Structure formats: structure tokens, C-alpha cells
Protein chains: 4
Amino acid sequence: MSDLHSDQLATLLVTCPDRRGLVAALAQVLFGHGANILDSDQHSDPIAKQFFQRIRFDTSELLTDRGTLERAIGEVATRFDMRSRISWQGRAKRVAIFVSKYEHCLIDLLLRHRSKELDCEISLVISNHRELKPLVEQFGVDFHHVPMTDQNRAEQERRELELLSRHEVDLIVLARYMQILSRDFTALYPQRIINIHHSFLPAFVGGKPYHQAHERGVKIVGVTAHYVTEHLDEGPIIEQDVVRCSHRDSVADLIRKGRDLEKVVLARAVRWHVEDRVLVYGKKTVVFD
Amino acid sequence: MSDLHSDQLATLLVTCPDRRGLVAALAQVLFGHGANILDSDQHSDPIAKQFFQRIRFDTSELLTDRGTLERAIGEVATRFDMRSRISWQGRAKRVAIFVSKYEHCLIDLLLRHRSKELDCEISLVISNHRELKPLVEQFGVDFHHVPMTDQNRAEQERRELELLSRHEVDLIVLARYMQILSRDFTALYPQRIINIHHSFLPAFVGGKPYHQAHERGVKIVGVTAHYVTEHLDEGPIIEQDVVRCSHRDSVADLIRKGRDLEKVVLARAVRWHVEDRVLVYGKKTVVFD
Amino acid sequence: MSDLHSDQLATLLVTCPDRRGLVAALAQVLFGHGANILDSDQHSDPIAKQFFQRIRFDTSELLTDRGTLERAIGEVATRFDMRSRISWQGRAKRVAIFVSKYEHCLIDLLLRHRSKELDCEISLVISNHRELKPLVEQFGVDFHHVPMTDQNRAEQERRELELLSRHEVDLIVLARYMQILSRDFTALYPQRIINIHHSFLPAFVGGKPYHQAHERGVKIVGVTAHYVTEHLDEGPIIEQDVVRCSHRDSVADLIRKGRDLEKVVLARAVRWHVEDRVLVYGKKTVVFD
Amino acid sequence: MSDLHSDQLATLLVTCPDRRGLVAALAQVLFGHGANILDSDQHSDPIAKQFFQRIRFDTSELLTDRGTLERAIGEVATRFDMRSRISWQGRAKRVAIFVSKYEHCLIDLLLRHRSKELDCEISLVISNHRELKPLVEQFGVDFHHVPMTDQNRAEQERRELELLSRHEVDLIVLARYMQILSRDFTALYPQRIINIHHSFLPAFVGGKPYHQAHERGVKIVGVTAHYVTEHLDEGPIIEQDVVRCSHRDSVADLIRKGRDLEKVVLARAVRWHVEDRVLVYGKKTVVFD
């Protein structure tokens, strides 16, 4: 966290078909260039026959330069048919938060960011309502009002995309954003849009999940943070958590209990994403927490 | 638990439309006959406008006899349009356990019963396999082998019903019984058949829920104890619990983790039922735990 | 929550030696005056031989006036040697929050209050630092800076007591207030000062509990909300909660995870207190949640 | 779990001062001999400056023989000042269970072993009472009655040590064994005796922890599995878990709830130990689960 030379740190994320010699090859290329592995976590899925690895390493005593190291890793990647990604710690990810009227997740993310829990930059907030503008601006963050109607959706999404592009946004967080993004929109940010759904997916997909849960008489309610895909509520799950309820809980009680969950579960998912701890494959995620 | 004169204790369960004066009327009739209220729990559902109460009382200083008290309660019940039920503690409920080949829930219930956790009598075990016969008989419990095929189902259910009737069974526990009971069968034991489903309902209804959960990539798995109705996996939920999982967990790991949950959740549901702590209304339960 | 005539609602809290006829007597006196019992929860401690009850009732069809009802309840209380307390819902409790520099619990309480989760009035915030003044004033709450040194403690506590008295404060919440209140101070607000201690008491009493927990290598950390007595960290516990940790968690990680717990556990304790759900006896609490 | 050639699998556990090149050196030596790394987990403690790693590898295509590989690893170990340990999967650990009269943890371990959850051999059970002999023998496990008095302790511990030695026991599990082992005894099995303590350590050390917890009025109770050292209840913690309780729970209820925790927490600790997932340093553990 408080590394002295944190811009010397980097994270390498790797996904590839599982093969012999992978681990040694990556360790060797890093060591050979003077990079020191601080932390490594890996996973093999025996059914999908896929291999996943996250390596955090220190480059303060690098024998070559970054470009050379990146090229060398690229060669290993080609040899083993890897998808790989290197993040240099100095370059924090840029985040846009989309929100409607509910403030709790938004405030929570802004507070966590201010207290250094989230290693990212919050570049802008986009909302289809004006209510939260003063609050957002108190935190020194740009607020953009982009109202949506069924008629203007395509045009407004173009405005949003322009804002995202201008701010070079890496990650979109839907912090109880009550609008459905178009297929074209989501396709432009694959595995880079995180939504918080207020149910324990796949239970209670769709609207008003706390009402559905109350109706069904469940004894536990939950929430789910997931990447957004074109299929609503079906994207890869990043994190879930639950809280006990009983016959005494009204829908209003479930909503109240759920708010606490929504905040922590969304915050965990965002933190893991910006720290490059999440790898997606198919409909599933590997989270190296 | 260690009441000196526990056969002097009784439990009154009441469900009725919510009306003024209910609580006072019941308190008054008990007090007027010399019954001492030890414990009382109540709930009003403001949407369904239903009232629920569980009263445990001591009759060791009763001014009249039990019959007179029961008639007096019956009069209050009629006045307030109540469904009511009195259980006298001396008369333990008689339980039949249905099981296939999985032993963990069965053994768990037998052990809990032996250690006095469950205040009931385990009258018999019925299985469509022979494997667990020696185990059951070690606990001094009758074992009946009732094999099921698609052809003989109706006839074999008749055999089961005859066994249940002969043992005067109050409650049927499906302890990972892999057969579906017929509509006629379930209609004969309304709110008296408890099943353990190995998912966090309503997620993953139907077969192989741990496989479904693994496939979907959830971060938490759960189990559900519910009353059996004619609609599979849709009966009123009595209890649920969950356990965390991750990308590292294979289906076999989920099954292993789930076993621990299935045991405790089924045992809680059975304990609450035999202690008259569960009231059903519509698709939901009130559990006075 | 959304009661139409909520100032017609009242809550009666009762503690007394356990005796026959108690429940009927209270039900009778309420019913006899036209008060309608909405909700009742009771508990008997068989070891302490104490009886506890919380009754919520509606007085919109009262046959007499409030004074007459209160006197009638007072007579029952005398007869059964009860301590009793009636809260009329129209009169929200007045709360003072004491805080040092950590903002998370303070902001959390202010936000929950704004979103109507906490049925109380937040009258003032007292801090031994100035940092949080602008934040508090944004919420429209009075902020008072009362710096403490070892020399001026007695005098400054007098200032605090004067502020509390002037604002007619019912409840003091120590929201990570890093000062120890004097014995005289705590004696003036018995069972009316709530503290959040950042450990799972009685483990890790005293200072720097997350450091202690990290040192000891525990696999779970917790927090505790309790009433403050003259004995530090030994007051009656209102609520506790925990979160899993591992060898991977640094002290900073434990502090981060703990913050989320501190917020929800303190908020629950405050909510239960202002809704008259907590009864204290000896070193313990009964919480009718 | 169901590896085809599971006796070709091995686990390497390593602890050493943290140094550059460690990870690459171990990966290289394994790869160089034809061993395929299946799974690797590592941890660096930045305060203790210690490095920990667990590597599971497959030797079915080894280019040399096991002895040569072990010598090569030994050379790396010497170079980096490592303590290392290799377990070959064909050679299951041999376990002795010590028990008094409480049967629940013992039966639970025997059942889990029978259902293949625990990859070990249960070699014998030692008890200071005779009661559980028939039960243990039903599972085909040797039972030895070694009664303890204050007078005969030293002599009886010698008998126990002889039994342990004769059965070549690798791990001793105290499954609610109500005797305190002597300092000499524990010194002979460092980090190889696991105890289940029925409290959330360090809260409630010593005797009758559920009574202590009830007395203190805690809202959560827990249990702790730890390695036994000469200092009672202070050994390195392997696993903990908790369950919620309330004012309604008597000591008997806490004991009942606690039993379920004791079983699962002890079982997890034993499973992790026999799968070589636990590394001890100082008073703490690293658990690669």
C-alpha cells in the first residue's frame, strides 16, 4: 500500500491454455530482466483447461528498460498463446460513475476514494437526474447531467460515450443506475462496466428484487456485483454477499439492509478491478483477492 | 430444556386476521384458568393483515382441567376467527425420515436426536435403497426398504402411507431423498413434510444445483429447508444458510461444503417444527426462534 | 415506518422480577383503556429470574387520555415491582455525537439520519479537533470544538455537560471518540452513552486492537457496540459483528475491513436504542430487534 | 481429488527469509527436472520479512528420479536458507485422535474420513474414558483406554507416546480432550498437535468458555482450532468461526450451537494440515486454502 517507490511496481495478468512450463517461463523472464516477484497467485481450471496468473513485481532494479521487459513478456505470451496485460502502478485507472437518484453507493465510493481505499481516479459522474450534482461537486468531481427518454436514448448514449472518451475512462461503475445500457454501448467496454444488482443472482433477476424476495419469503437476501454484458443480469459475477432476514422484515427493512450490502459489495468489486485482481473467462471470474 | 415438570408445559400456536383485543383476550383466558405464560412471541403482517402468536405456558397450577382450558381457548378462537393448535409437551411428535443413499443428513439427525437436541421421536426410516439399513438399526430405529420404479410408484407410495399411518407419524423429513412425491401424497401431509434442497432457493431449482452454481460462477452457495407442496422447490421456506466459495472450488468442493450446510439447516428446520415454532401462511413462514 | 398517525404510537419497556400474571395484567390495562397492542416481545431470564417486555401500541382509539393510561400502567408497575418507561413516538430522542478525527462513523450516522433510517434528532456534534466542522455543518448540525488536554479535562467536561444539558440530549454516541470519559461524566448518563470498540470484546481490550489482532494471528476480527460504564470496555454489549481475515491482511487491511463493520454495528446499536429496543440488566442486554 | 495417478503428485512447502530470485529458482529447479507445477500459492510477510510458498506438482513425466529431484531442491533450500518439506501424495499422514467423553467431534472426523473428505489415515483413538470404544471400533479403528489421574499422569503419557510411536503417528488431534498435555509431551510434536478450543480466542481462555460467554452477554460466540504449544490456549491459530447468539440463548443453547462450529472448524484445520496447507511462523499461521 505505502510502497516507497510504488511507480516501480507493476502487475501482470495472464490467461492461457494450461501447459507445462508456463510458470517457470514467466518466472524466468521476469527474473532474467531483474524484476523481483513480490506476489504471485495462480489458478488452473481443470475443466476449461485454462491457466490464470497474477504476478506483482518490483522493477526498481531492472537490468533493462520497461519496453524491453514488455517485449520479452510478449514473446512468452506468443509462445504460450497467452492473453496478458501489464499495469504500471503509477498510472491509476480512470473511473466514471453512473448514477440515478439513489445516493448511497455513489457517496460510499467517493468517501472510500477520499480515504485512499480505492487506488483509482474518479474522473466524472454521469446521471440522468440533477439531484446529486452539488454533492458530487463537493468532492471535486465533474458531474454531467444526461437525461434519458425512450426517444433520445441513442443520442444521449453518444453524448455519454463522448464524455467517456474525452476523460479516457477505463472503468464504468453503475452505482444503482436505473437505466439499461444498449448492446452497442456495452460492447465498447467489455469487462469494463461493473453493475451492482440488488439480489443474490441468479435469484430475482429483473426489477424490484427486494419486493420479489419479500414475496417469496426468503430467509436471506443478497446482492451481486457483476460485469455488464449484453444479457441483463447474466454477466460474470465478481462478488456477492448476503444478510439474514425474517418474517419481521418489511420490504422497507430489506431495502435498508440491502443498502449496506450494496455499498460494500460494489466497493469490493471496484477495488479488485482497479487493483487488477479480476480475470474473466466465459461467464465466470477468477478473483485473486 | 431441563424443566422439572415438562409435561405440564404446553405451546399454543395461533393464526388469524389481525384485530383489536386479540392479545388481551388470549392472555386473559390463559391467566383466568391459572395457566402461566412463560414465553410469548407474536407477529403482525400489515400487508396480509394477519396475526400470528406462539405462547408457551405452564399448567402446573391450573385452576381447571386441560379439557376446560382447551374449550375456553376454542371459544376465543371462534370469536376471533383463529386457527389454533395446542401441543402438550409430554407428547413428542413422531417423525419419519425418508432417505436415498446419501447418509450425512440422516446420521446427523440420528446423532442430534440421541444427544437430545431434537425433542421428538424418530419412528422409522424409509429408503428406496438398502444400504443404510445396518446404520439405522444401530440407532434402534425401524428401517423399511421401499424401492421405487416408474412402474410401481403408486403402489409403493401406498405402502409408505400405510407405514406412516401405522406409526402415527406427525412429520416426514426428506433427508436428501432423491424421489419426487406424488401430488396425492403431499396433499395428505400439508405443512408436515420438510425437504432440504441443496441450493439457495429460488436460485437453481431442479436437479444438480451445485453443478448449476459452479457453472454460473456464483461466489456463495446455499441450501434451503422448506415445506413440500405440490409445486417442486416452491414450498414455504423455513430456513436457509450459505457458505462462501471461489473460483478455486470444484463441483466436488461445493458438494463437500454444501453437506455441512445441509445438515445444520435441515436440523434447524426440524427442531423448529417439532418445537412448534413455525407458522405457514401463503408461500411464507413465520419462525419464532 | 410509514404509519399514518405515528404520533399516536407508543412503546412501553418493562423490567421486573418474573411473576405469574404479569403478561395478562399489562395486556389487560392497555386493552381496558382502548390501546391496541401492535407488537409485543418478551423474555424471561430463568437464572436472574427477571422478566422483560417491549410493547408497541396504538392510542388512536384511546378511551381515556394519555395521563390516565400512564397512571394506570404506573399502578401495575407498582404492583409487580416493575421499572417501566413509555416513549411516545412523536417525541424523537435527541442525540449528541462525540468524535475525534476519524470521520467514517460520523458521516455514516449523518447519512443514515438523512435517509430516515434513524428515528432521532441529531442535536450536536462535539469534537476535540476542528477538522470535521465543515462536514458537520453541511448537514445542518451544530458543531462544538472542545479540545482536551490532561490539564483541562475536568473543565472541558463541564463545558460538554453544559452543551448536553442545553440541548436536552437523551443519548451520547461515541463515534470513534478517542478520549476516555471521567467516571463522574459516565455516571450522569447511565445506559445512555454508546461506544463502538474496534474489537470483538472481550478479546483485545484497550488500545490499538487491530494491531493486537494482527499480532495474535486471528482469522476473524470484530467490533462491539456497548454502553459505557465506569469500567472501560466492560459495559453491556448491544451488538457485535465480525469479518474474516487471513495471513494476507496487513494491519492496514484490518483497519479498512473494520471500518465497514464499525459503521454498521454502531448504526444498528443506535437505531435499536432510539427505537427503545434495548433493555439492560447487570452487564447484559436484551435486544428486541 | 480424483487424480488418475495421484501417487505422482507431491507438495512442496517452503519458509525462508524473503529474497530476490526465490520464486524463479524454485520454478526453475522443478521445471528443469520435468516436474509440472499444478498449483502454487505464496505469501510474503513484509514485517517479519519472511517468504512462504506451497507448490503442488506432478512428477509423472519426471526426467530424473525422486531422489535426484529432492537433492536438487535441497540445494536451492540451502542457497536461500529455506526450511522445506516435500510430501508425496501416496503416503497419507497418520493421525491419532484424543478424546474424553464428548463424541461429536470424534464421530464427525470418523464420518468425514469415511466419506473421503480427509486425506489421511486414522490410526488410533486414545481416551481417558471407555465409553466411546464400541463406536470407534465400528469404524475399524483401534481404541486405547488410557485413564489419567494426577498421580499417574507421567506414566500414562509414556504409554501414550509409546502408542503414538508404534503407530508412527504424524498428527495428534485433540477432539475435545479434556486433559492438559505436559510440556514434555507437546515438545515432542511441535506443530503437530491440533486442539479445538470452544471460544473465539483470545476471548475466554481456560475452562467453561460458553459459561463465560453467557455471563459476559456477548452477541456472537466462536471456536478456535490451534496448534498446541506449552502455553495453554496460546498456540498458533489455524481456523476460527462464529455463530450469532442473543439474550434468548441459555448456556445449553450456546453449547448446542457451539458443537456445530467445533465440528466444522476442527475438521477444516485437520484437512488443511493433512493437505500440507498450513505453515507456522512465530505465533501465527499461513493457511493456503
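Residues numbered from 1 in each chain as written. Chains lettered and ligands numbered in written order. Predicted model: local features only at pLDDT ≥ 70, side-chain atom pairs only at ≥ 80, totals over all residues. Heavy atoms only, no water.

A. How the structure looks around the interface of chain B and chain D. Contact residues are listed per partner, giving 21 residues for chain B and 20 residues for chain D. Between chain B and chain D, a total of about 1600 Å² is buried, with carbon and sulfur atoms accounting for 37% of that surface. At the boundary of chain B and chain D, one finds eight salt bridges. Taken together, the links from chain B to chain D amount to six residue pairs in polar contact (both at pLDDT 80 or more). Contributing elements (two or more residues each) for the side of chain B that touches chain D: strand E2 (36-45), helix H3 (104-114) and helix H8 (251-274) of chain B. No other element matches the seven residues that H8 of chain B contributes to the side of chain B that touches chain D. In the side of chain B that touches chain D, the residues fall into four nonpolar, two polar and 15 charged. (Contact = heavy atoms within 4.5 Å. Buried area = accessible area lost by both parts, 1.4 Å probe. Salt bridge = Lys/Arg side-chain N within 4 Å of Asp/Glu carboxyl O. Polar contact = N/O pair within 3.5 Å; in protein donor to acceptor, adjacent residues only side chain to side chain. Helix = DSSP H or I, 4+ residues; strand = E, 2+ residues; numbered from the N terminus. Nonpolar A, V, L, I, M, F, W, Y, C, P; charged D, E, K, R; others polar.)

B. Spotlight on the confidence of the model for chain A. Residues and elements named next belong to chain A. Counting all residues, the mean pLDDT for chain A is 93, and 98% of those residues have values of 70 or more. Of all secondary-structure elements in chain A, the lowest mean pLDDT belongs to strand E2 (residues 36-45), at 87, while strand E8 (residues 171-174) reaches the highest, 98. pLDDT under 50 marks residues 1-5. Its contacts with residues more than four places away, or in other chains, come to five contacts. Across the interfaces of the predicted complex, the ipTM metric reaches 0.93, alongside a pTM of 0.95. (pLDDT = per-residue confidence, 0-100.)

C. Spotlight on unusual backbone geometry. Of note, the bond from Leu 201 of chain B into Pro 202 of chain B is cis; its omega dihedral lies within 30 degrees of zero at 10 degrees. Here Pro 202 of chain B shows up in the loop between strand E9 (193-197) and helix H7 (209-216). Of note, the phi angle at Asp 276 of chain B is positive, near 55 degrees, even though the residue is not glycine. Secondary-structure assignment places Asp 276 of chain B in the loop between H8 and strand E12 (278-281). Despite not being glycine, Arg 176 of chain D shows a phi value in the positive range, around 60 degrees. Of note, Arg 176 of chain D is situated in the loop between strand E8 (171-174) and helix H6 (183-188).

D. Local environment of the sheet that holds strand E10 (residues 220-227) of chain A. Residues and elements named next belong to chain A. The strand order across the open sheet formed by seven strands is E7-E6-E5-E8-E9-E10-E11, and the pairing between neighbours is mixed. Strands at the two margins of the open sheet, each flanked by one partner only, are strand E7 (142-145) and strand E11 (237-244). Across the sheet, the mean angle from the axis of one strand to that of its neighbour is 20 degrees, orientation sign disregarded. Inspection of the sheet shows E8 paired to strand E9 (residues 193-197) by three bridges, in the parallel sense. The residue bridging Ile 172 from the neighbouring strand is Ile 193, located in E9. Along the sheet face, helix H3 (residues 104-114) touches strand E5 (93-99), strand E6 (120-127), E8 and E9 and points at about 160 degrees away from the line of E6. (Pairing = 2+ DSSP bridges. Axes fitted to C-alpha atoms, helices over the stretch in contact; angles between N-to-C directions.)

E. Local environment of the relation of the copies chain B and chain D. Expressed as a screw operation, the relation of chain B to chain D combines 0.0 Å of axial shift with a rotation of 180 degrees, fitting to an RMSD of 0.0 Å. Within this description, the copies of the chain are treated as partners about a two-fold rotation axis. (Least-squares fit on C-alpha atoms with pLDDT ≥ 70 in both.)

F. Summary view of the sheet that holds strand E9 (residues 193-197) of chain C. Residues and elements named next belong to chain C. One open sheet accounts for seven strands, arranged E7-E6-E5-E8-E9-E10-E11; its pairing is mixed. Only two strands of the sheet have a single neighbouring strand rather than two, namely strand E7 (142-145) and strand E11 (237-244). For this sheet the average axis-to-axis angle between neighbouring strands, irrespective of direction, equals 20 degrees. Pairing analysis gives four bridges linking E9 to strand E10 (residues 220-227), with the strands arranged antiparallel. Note on E10: the bridge partner recorded for His 197 is Thr 224.

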